[in-house]
Amino acid sequence: MSITVRVPAKVNVQLAVGPARPDGFHDLANVFLAVSLYDEVTATPAESLRVTCEGPDADRVPLDRTNLAARAAELLAARHGITPDVHLHIAKDIPVAGGMAGGSADGAGALLACDALWGTGASRAELLDICAELGSDVPFSLVGGAALGTGRGEHLTELPVGGTFHWVFAVADGGLSTPAVYAEFDRLAPDVPAPAVSPALLDALRAGDPAALAGALANDLQPAALSLRPSLADTLAAGTAAGALAGIVSGSGPTTAFLVKDAEAAGSVAAALVASGTCRTARTATSPAPGARVLTA
Ligand SMILES: C[C@](O)(CO)[C@H](O)COP(=O)(O)OP(=O)(O)OC[C@H]1O[C@@H](n2ccc(N)nc2=O)[C@H](O)[C@@H]1O
Ligand SMILES: Nc1ncnc2c1ncn2[C@@H]1O[C@H](COP(=O)(O)OP(=O)(O)OP(=O)(O)O)[C@@H](O)[C@H]1O
């Protein structure tokens, strides 16, 4: 028997970053929106813990115990006195190291798949607790939809969304290291206030109004990502010149996200971005998307 779980990528429509904390993390006001690009994680009983991966970026995904899917299986098994003898296969469609929480998606997906396979019956609260242990973005991968993340991003409050938003994602060559981007943020902005969520942004989400959301998009990590990868400014310029309502670096980058008015605009902006030569490829998607879901039982 196998269990397959589908998990979405995310974009941060607001990422307000506070000062570095004593534990090295930063307090955030992090407004997550799940988008319709998905990884699938399949869990199958095996002799021992094993991870495999397929997809265009599969060669950049670690297959050892550092993979967040493997770590999720180990954490759940340890809590329930089980040996994590499972084969986890990742069908990867989310850009790797792109600021779209691909590794986090696989962690949440493996957790849900192993819970179903082993019949551990973990409560939602226990699953969210394990997700937070795996990484700051992992609880949102489980929950999906739209949510405000506080603390280091792991404390979630679900948010209402009044319509469908259309996006184009420009995928860059190579990745950016999340810790390196936060370190560059500290270097560029050593004195920052406590992070606060924007009421205008919450209103735009609730109304499902793309023009209002475009005016409220904000990512405090964007200057740091641009400092480490100056060519991202060309990608942002190409997307807005092609008619996007707004462009922003997705999370810690280097993927850039463009909000567009409808599906037709998404197609033309994606084509223009590819033709501009400022990105490796462009993907279209919509939001909100559901969180981690079991597909087969
Ligand atoms: C940039 C975002 O993707 C926005 O959602 C997240 O804040 C990053 O979340 P993540 O990849 O799950 O990050 P984690 O695995 O928890 O942490 C990786 C590293 O990122 C930095 N980090 C992460 C989250 C946070 N609130 N403050 C930080 O400073 C720390 O250097 C940490 O060691
Ligand atoms: N299942 C996984 N898929 C992809 N990368 C993984 C996975 N598990 C661990 N990693 C490691 O994590 C690094 C970051 O990959 P990931 O795709 O999660 O980045 P990201 O989308 O920028 O994350 P975030 O948006 O949460 O900061 C990779 O370079 C890889 O070494």
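Criteria and thresholds
- Residues numbered from 1 in each chain as written.
- Chains lettered and ligands numbered in written order.
- Predicted model: local features only at pLDDT ≥ 70, side-chain atom pairs only at ≥ 80, totals over all residues.
- Near = placed C-beta within 6 Å.
- Helix = DSSP H or I, 4+ residues; strand = E, 2+ residues; numbered from the N terminus.
- Nonpolar A, V, L, I, M, F, W, Y, C, P; charged D, E, K, R; others polar.
- Domains from an automatic or database assignment.
- Buried ≥ 20, exposed ≤ 12 C-beta atoms within 10 Å, placed from the backbone.
- UniProt positions renumbered as here; feature names shortened; annotations may be inferred.
- Expected span 1.5 Å × (residues − 1).
- Arc of directions from axis to C-beta.
- Contact = placed C-beta atoms within 7 Å.

### Section: the site of ligand 2
Here comes step 1: Within the structure, ligand 2 sits among 22 residues, and Ala-101, Gly-102, Gly-103, Asp-106 and Asp-137 are positioned closest to it.
Here comes step 2: Contributing elements (two or more residues each) for the shell around ligand 2: helix H1 (68–80) and helix H2 (102–118).
Here comes step 3: Sorting elements by how many residues they give to the shell around ligand 2 places H2 first, with four residues.
Here comes step 4: The residue makeup of the shell around ligand 2, split by class, is nine nonpolar, eleven polar and two charged.
Here comes step 5: For the shell around ligand 2, the domains that each give at least three residues are domain 1 (3–159) and domain 2 (165–287).

### Quick word on the environment of Ala-146
Here comes step 1: Note on placement: Ala-146 falls in strand E5 (residues 146–150).
Here comes step 2: A tally of 24 C-beta atoms within 10 Å means that Ala-146 is categorised as buried.
Here comes step 3: Sequence separation between Ala-146 and Ile-3 is 143 residues, and the spatial gap between their C-alpha atoms is 26 Å.

### Some words on the site of ligand 1
Here comes step 1: Around ligand 1 sit 20 residues, and of these Gly-135, Ser-136, Asp-137, Arg-152 and Pro-179 come closest.
Here comes step 2: When contributions to the shell around ligand 1 are tallied by element, the ones reaching two or more residues are strand E1 (3–20), strand E2 (26–45) and helix H5 (178–188).
Here comes step 3: Counting only domains with at least three residues in the shell around ligand 1, you end up with domain 1 (3–159) and domain 2 (165–287).

### Quick notes on the UniProt feature "domain: GHMP kinase C-terminal" (unreviewed entry) in the protein chain
Here comes step 1: As annotated in UniProt, the feature "domain: GHMP kinase C-terminal" (unreviewed entry) corresponds to residues 202–274 in the numbering used here.
Here comes step 2: Within the segment residues 202–274, helix and strand shares are 58% and 15% respectively, and the terminal C-alpha atoms sit 32 Å apart.

### Things to note about unusual backbone geometry
Note on backbone geometry: most residues besides glycine have negative phi, and most peptide bonds are trans.
Here comes step 1: That bond from Gly-253 to Pro-254 is cis: its omega, 5°, falls within 30 degrees of zero.
Here comes step 2: In the segment running from Ser-287 into Pro-288, the intervening peptide bond is cis, with an omega of 0°.
Here comes step 3: Counting through the fold element by element, Pro-288 comes out in the loop between strand E11 (281–287) and strand E12 (293–296).
Here comes step 4: Its identity as a non-glycine residue notwithstanding, Ala-97 has a phi of 55°, on the positive side.
Here comes step 5: The residue Ala-97 is located in the loop between strand E4 (86–91) and H2 in this model.
Here comes step 6: Judged by C-beta crowding, with 20 C-beta atoms within 10 Å, Ala-97 ranks as buried.

### Considerations on helix H10 (residues 263–276)
Here comes step 1: Between its first and last C-alpha, H10 extends 20 Å over 14 residues, near the 20 Å set by a 1.5 Å rise per residue.
Here comes step 2: Of all the residues in H10, the buried ones are Ala-265, Ala-266, Val-269, Ala-270 and Leu-273. For H10, the arc enclosing every buried residue in end-on projection is 130°, short of the 170-degree limit, so these residues lie on one face. Facing away from the buried side of H10, by more than 90 degrees, are the exposed residues Glu-264 and Ala-275.
Here comes step 3: Taken together, the buried residues of H10 touch strand E7 (165–171), helix H9 (232–241), strand E10 (256–260) and E11.
Here comes step 4: Count one or two residues on from H10 and you reach Gly-277, which has phi positive near 70°.

### Here we look at the domain arrangement of the protein chain
Many authors give the size of an interface as the accessible area that is lost as the parts come together.
Here comes step 1: Domain annotation of the protein chain identifies domain 1 (3–159) and domain 2 (165–287).
Here comes step 2: Distance from the C-alpha centre of domain 1 to the C-alpha centre of domain 2: 22 Å.
Here comes step 3: On the domain 2 side, the residues contacting the 29 residues of domain 1 number 34 residues.
Here comes step 4: Taken together, the elements giving at least two residues each to the side of domain 1 that touches domain 2 come down to E1, E2 and E5.
Here comes step 5: For the side of domain 1 that touches domain 2, a count of residues per class yields 21 nonpolar, seven polar and one charged.

### Some remarks on the environment of Ala-16
Here comes step 1: Among the secondary structure elements, Ala-16 is positioned in strand E1.
Here comes step 2: Sequence separation between Ala-16 and Trp-118 is 102 residues, and the spatial gap between their C-alpha atoms is 39 Å.
Here comes step 3: For Ala-16, the residues in contact, after removing those within four places along its chain, are Leu-28, Ala-29, Pro-195, Ala-196, Val-197 and Asp-220.

### Structural notes on H5
Here comes step 1: Regarding H5, the residues found buried are Val-181, Glu-184 and Phe-185. Here the buried residues of H5 occupy an arc of 105° about the axis, which is enough to place them on one side. For H5, exposure combined with an orientation more than 90 degrees from the buried face picks out Pro-179 and Arg-187.

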